[in-house]
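What the coordinates show
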Amino acid sequence: RYITKPWNDYELKLTIENAYQLYLLTEQNNKLNLKYTKAFKESSDPILLFDVKGRIVDYNQSTIDILQAKDTTLNFTSFNSIIHNKHSAAQLMEKLKDNESISNYECQILSKKNVLRDCLISANTIKDNHGETICYQVVLKDITERSKMNKLLLKTIIVDCQKLPL
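A short tour of the structure in this document, coming up. (Residues numbered from 1 in each chain as written. Predicted model: local features only at pLDDT ≥ 70, side-chain atom pairs only at ≥ 80, totals over all residues. Heavy atoms only, no water.)

Bringing the pairing of strand 5 (residues 133-142) into the picture now. Pairing between strand 1 (residues 47-51) and strand 5: 5 bridges, direction antiparallel. Its bridge partner lying in strand 5, Leu 48 is registered against Val 138. Pairing analysis gives 9 bridges linking strand 4 (residues 116-127) to strand 5, with the strands arranged antiparallel. Its bridge partner lying in strand 5, Ala 123 is registered against Val 138. What sits between strand 4 and strand 5 in their antiparallel hairpin is a turn of 5 residues, with Gly 131 showing a positive phi close to 85°. (Pairing = 2+ DSSP bridges. Helix = DSSP H or I, 4+ residues; strand = E, 2+ residues; numbered from the N terminus.)

Pasting the structure below:
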């Protein structure tokens with residue numbers, strides 16, 4: 001902003017204060033952005049964001065790994081397309097819109113190479129300052145190995161029970 005001569009002391013002081021406040025807010029924003037980026041990118045759990053239309057808009061490397069995708073192939077892909085059971089996908093979206101968050105919703109996801117993974121999905125709604133939903137954050141927890149071990153344990157128990165004399 002330009003201040004014309006002769007100097008108006010009040011206007012000059014106000015302009016300097018506004019510039020300093022802008023500088024502080026910019027620095028604070030940069031620090032918060034760095035924290036977000038670090039937590040997002042370094043998480044071992046897949047994290048993704050999708051918009052109100054259900055399109056994936058951001059994701060971390062763990063998401064790329066679990067979905068066996070290339071870095072750019074997930075951009076604006078429908079979140080529902082990675083959920084194997086379409087009824088589960090619709091139910092998940094309905095619960096998320098009704099409750100604004102869900103925790104440990106069990107379902108299967110389908111990778112780009114058609115590999116099924118058992119997952120727990122936790123998600124929450126991200127809103128702007130006016131209370132309008134701007135996107136949803138999803139954290140996936142891969143429980144495929146645990147599910148396999150549970151099935152194996154169940155089979156073993158059933159076989160052992162069948163061997164017992166009546």
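A few words on the pairing of strand 1. Of all 5 residues in strand 1, 5 are buried; the element is thus mostly enclosed. Two elements, strand 1 and strand 2 (residues 56-59), share 3 bridges in a ladder whose sense is antiparallel. Paired with Leu 49 across the strands is Asp 58, a residue of strand 2. (Buried < 20%, exposed > 50% of the residue type's maximum accessible area, 1.4 Å probe, protein only.)

So, about the environment of Phe 40. Secondary-structure assignment places Phe 40 in helix 1 (residues 9-42). A relative accessible area of 6% places Phe 40 in the buried class.

Its 14 residues give helix 3 (residues 86-99) an end-to-end C-alpha distance of 20 Å, which sits within 8% of 20 Å, the value for a rise of 1.5 Å per residue. Residues of helix 3 that are buried include every one of Ser 88, Ala 89, Leu 92, Met 93 and Leu 96, and no others. Taken down its axis, helix 3 places every buried residue within 135° of arc, on the same side. Away from the buried face of helix 3 by more than 90 degrees, exposed residues His 87, Glu 94, Lys 97 and Asp 98 are located. Contacts from the buried residues of helix 3 go to strand 1, strand 3 (101-110), strand 4 and strand 5. A distance of 2.8 Å separates the backbone nitrogen of His 87 from a side-chain oxygen at the start of helix 3, and that oxygen is part of Asn 85. Positioned one or two residues after helix 3, Glu 100 has a phi angle of 70°, which is positive. (Expected span 1.5 Å × (residues − 1). Arc of directions from axis to C-beta. Contact = heavy atoms within 4.5 Å. Polar contact = N/O pair within 3.5 Å; in protein donor to acceptor, adjacent residues only side chain to side chain.)

What follows is about the nonpolar core. Within the largest apolar cluster, 26 residues are counted, with the highest numbers of intra-cluster contacts made by Leu 48, Phe 50, Phe 79, Ile 83, Ile 121 and Val 138. Secondary-structure elements contributing two or more residues to this core are strand 1, strand 2, helix 2 (61-66), helix 3, strand 3, strand 4 and strand 5. Residues in contact with Leu 48, not counting those within four places in the same chain, are Ile 56, Asp 58, Tyr 59, Thr 63, Phe 79, Ile 82, Tyr 136, Gln 137, Val 138 and Leu 140. (Core = buried A, V, L, I, M, F, W, Y, C linked by side-chain atoms within 4.5 Å.)

Let us now look at the side chain of Ser 62. Assignment of secondary structure puts Ser 62 in helix 2. Polar contacts involving the side chain of Ser 62 include one to the main-chain carbonyl oxygen of Ser 43, which spans 3.0 Å. With residues up to four places along the chain from it excluded, the contact list for Ser 62 reads Ser 43, Ser 44, Asp 45 and Pro 46.

Relative to the assigned elements, Leu 49 resides in strand 1. Under the relative-accessibility criterion, Leu 49 is labelled buried at 11%. Sequence spacing of Leu 49 and Tyr 10 is 39 residues, and the spatial spacing of their C-alpha atoms is 46 Å.

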